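Each chain, written out:
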Amino acid sequence: GAGVSQSPSNKVTEKGKDVELRCDPISGHTALYWYRQSLGQGLEFLIYFQGNSAPDKSGLPSDRFSAERTGGSVSTLTIQRTQQEDSAVYLCASSGTGKSYEQYFGPGTRLTVT
Amino acid sequence: SQKIEQNSEALNIQEGKTATLTCNYTNYSPAYLQWYRQDPGRGPVFLLLIRENEKEKRKERLKVTFDTTLKQSLFHITASQPADSATYLCALLRRGSQGNLIFGKGTKLSVKP
């Protein structure tokens, strides 16, 4: 079946602009995660959605970052007033209801803030 | 402080040899460890999971060990092939956590023919 998809694959934006990144998880997966990967760095957790529970926002680096998940499926990560340090690859992952928490990742969105 | 470290940024080995990658953690109580493979320009792909009460897991040419006393996991690829060249990430799930994985920075493996 279809895997996790993300759009756009690349985004170049000017400093100060807002951007929206989209994630379509695997159908039926209840958990959805956003991570950020900067050059030479590991994956940095941003936010986690599980079913109808309140999201775990503990990884969001500032209040310029927010995310929502509509209808328990598609998720949008929004970065307001982008800064150059926001440049990174933003990865989305989803996982099913099993206890293994195996995560399926999308290809990522490469964000470049100029 | 809490850390998860993959000791080598890069590992170069000859085809046919066994590659061994190391993942160490401090000040975490992991429920389990996962290993992922990441190719350039792509998202990570899940390979293996090992739980805190397990010592070893195998899958084809892959083997993972988990030593909670040493706070270390080893990831082995036997009979390595050039196609195994990629970055390998370890990730742990803290006991009591709901699924938020903590990732290491990865080890870039290059297998030379």
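Placed above this text is the structure.
Residues numbered from 1 in each chain as written. Chains lettered and ligands numbered in written order. Predicted model: local features only at pLDDT ≥ 70, side-chain atom pairs only at ≥ 80, totals over all residues. Heavy atoms only, no water.

S.K.: Can you help me understand the interface of chain A and chain B in this one?
M.R.: Accessible area lost during the coming together of the parts is what is often quoted as the interface size. With 19 residues of chain A in contact, the opposing surface of chain B contributes 21 residues. With both chains or domains summed, chain A and chain B bury close to 1500 Å², and 53% of this area falls on carbon and sulfur atoms. The largest per-residue losses of area from chain A upon contact with chain B belong to Leu43(A), Tyr101(A) and Phe105(A), which jointly make up 30% of the total buried on that side. In this structure, the connection of chain A to chain B is made through 0 salt bridges. Here chain A is connected to chain B by 2 residue pairs in polar contact (both at pLDDT 80 or more). For the side of chain A that touches chain B, the secondary structure elements donating two or more residues are β4 (31–37) and β5 (43–50) of chain A. For the side of chain A that touches chain B, the residue count by class is 9 nonpolar, 7 polar and 3 charged. (Contact = heavy atoms within 4.5 Å. Buried area = accessible area lost by both parts, 1.4 Å probe. Salt bridge = Lys/Arg side-chain N within 4 Å of Asp/Glu carboxyl O. Polar contact = N/O pair within 3.5 Å; in protein donor to acceptor, adjacent residues only side chain to side chain. Helix = DSSP H or I, 4+ residues; strand = E, 2+ residues; numbered from the N terminus. Nonpolar A, V, L, I, M, F, W, Y, C, P; charged D, E, K, R; others polar.)

S.K.: Would you take a moment to explain the pairing of β4(A) for this structure?
M.R.: Taken residue by residue, a regular strand's side chains alternate between the two faces of the sheet. Residue and element names in this part refer to chain A. Counted residue by residue, β4 has 7 buried out of 7 residues, so it is predominantly covered. Residues Ala31, Tyr33, Tyr35 and Gln37 line one face of β4 and the alternating positions Leu32, Trp34 and Arg36 line the opposite face, and both faces are buried. Turn length for the β4-β5 hairpin, with the two strands adjacent in sequence and antiparallel, is 5 residues, and the turn residue Gly40 shows positive phi of about 75°. Bridge count for β4 against strand β8 (residues 88–95) is 7 bridges, and the pairing is antiparallel. Counted as the bridge partner of Trp34 is Cys92 from β8. (Buried < 20%, exposed > 50% of the residue type's maximum accessible area, 1.4 Å probe, protein only. Pairing = 2+ DSSP bridges.)

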